[in-house]
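# Results of the structural survey
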Amino acid sequence: MQEQDKVKYLQQYNAYNTSEENIELLNKGLKMCDKSGIKVVMNENTGSALGFLRYNYDELHLRAEMPVDAKISVLTHELGHYFFHRHPEINPMLSHKRN
C-alpha cells in the first residue's frame, strides 16, 4: 500500500471517535490474542504496513499511532490471517498439510 493510500485509509477513521465501545472492542481483541498465545506489539515502525504478523514468533504488530477504529480493523484482519493459516480445521486448503 502506498503512503498516500495509507493516509486515505486512516483518514476515513475519526481519531476523536474513540468511544468506550470501541476501546472495549479493541481490548477484547487484545485479550483474545493473549488467550491464543499471540503477543501484540504496538510498534512505531511497521514499515509500509499498518500491521503484520510474525508467524514464527506468534507476534502481531500494529502501527501504534493509528486511531482505535483502525487498530480494530487491522487487528481483526491480521487475526484472520493467523487463524486461517494456523488452524487447518477452519481452512480446508491446509487440512492435508497437518495432522
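Look above for the structure.
Before going into details, it helps to say that this report is about the structure given with it. This is a predicted model, so every value here is computed, not measured.

### What to know about the packing of aromatic side chains
As enumerated under the stated definition, the model contains one aromatic pair in all. Centre to centre, the rings of Tyr-82 and Phe-83 are 5.2 Å apart; their planes meet at 90°, and the pair counts as edge-to-face. Each member of the pair, Tyr-82 as well as Phe-83, carries the same accessibility label: buried.

### Digging into the packing of helix α2 (residues 20-35) against helix α3 (residues 68-86)
Direction vectors running N to C along α2 and α3 enclose 25°, while the axes themselves pass 9 Å from each other. Considered as vectors, α2 and α3 are oriented roughly parallel to each other. Crossing handedness for the pair α2 and α3: left-handed. Contact residues: Asn-22, Ile-23, Leu-25, Leu-26, Gly-29, Leu-30, Met-32 and Cys-33 in α2; Val-68, Asp-69, Lys-71, Ile-72, Leu-75, Leu-79 and Phe-83 in α3. Looking at side-chain class alone, the contact of α2 with α3 contains 11 nonpolar, two polar and two charged residues.

### Focus: the sheet that holds strand β2 (residues 51-54)
On the basis of which strands lie adjacent, the open sheet formed by three strands has the order β1-β3-β2 and mixed pairing. The open sheet has two edge strands, β1 (39-43) and β2, and neither has a second partner. Direction aside, the axes of adjacent strands within the sheet are offset by 20° on average. The pairing of β1 with strand β3 (residues 59-63) spans five bridges and is classified as parallel. Its bridge partner being in β3, Asn-43 is matched across the sheet by Arg-63.

### Some words on the pattern of salt bridges
Evaluated as defined, the whole model comprises three salt bridges. Across the salt bridge formed by Lys-28 and Glu-24, the nearest N and O atoms sit 3.6 Å from each other. On the criterion of helical spacing, the pair formed by Lys-28 and Glu-24 is a turn pair, its members being four residues apart in helix α2. Given a relative accessible area of 53%, Lys-28 falls into the exposed group. Between Arg-54 and Glu-59 there is a salt bridge whose closest N-O contact spans 3.2 Å.

Procedures and definitions
- Residues numbered from 1 in each chain as written.
- Predicted model: local features only at pLDDT ≥ 70, side-chain atom pairs only at ≥ 80, totals over all residues.
- Heavy atoms only, no water.
- Phe/Tyr/Trp six-rings, centres within 6.5 Å; stacked < 30°, edge-to-face > 60°.
- Buried < 20%, exposed > 50% of the residue type's maximum accessible area, 1.4 Å probe, protein only.
- Axes fitted to C-alpha atoms, helices over the stretch in contact; angles between N-to-C directions.
- Helix = DSSP H or I, 4+ residues; strand = E, 2+ residues; numbered from the N terminus.
- Parallel < 35°, antiparallel > 145°, perpendicular 65-115°, else oblique.
- Left-handed = near helix turned anticlockwise from the far one by under 90°.
- Contact = heavy atoms within 4.5 Å.
- Nonpolar A, V, L, I, M, F, W, Y, C, P; charged D, E, K, R; others polar.
- Pairing = 2+ DSSP bridges.
- Salt bridge = Lys/Arg side-chain N within 4 Å of Asp/Glu carboxyl O.

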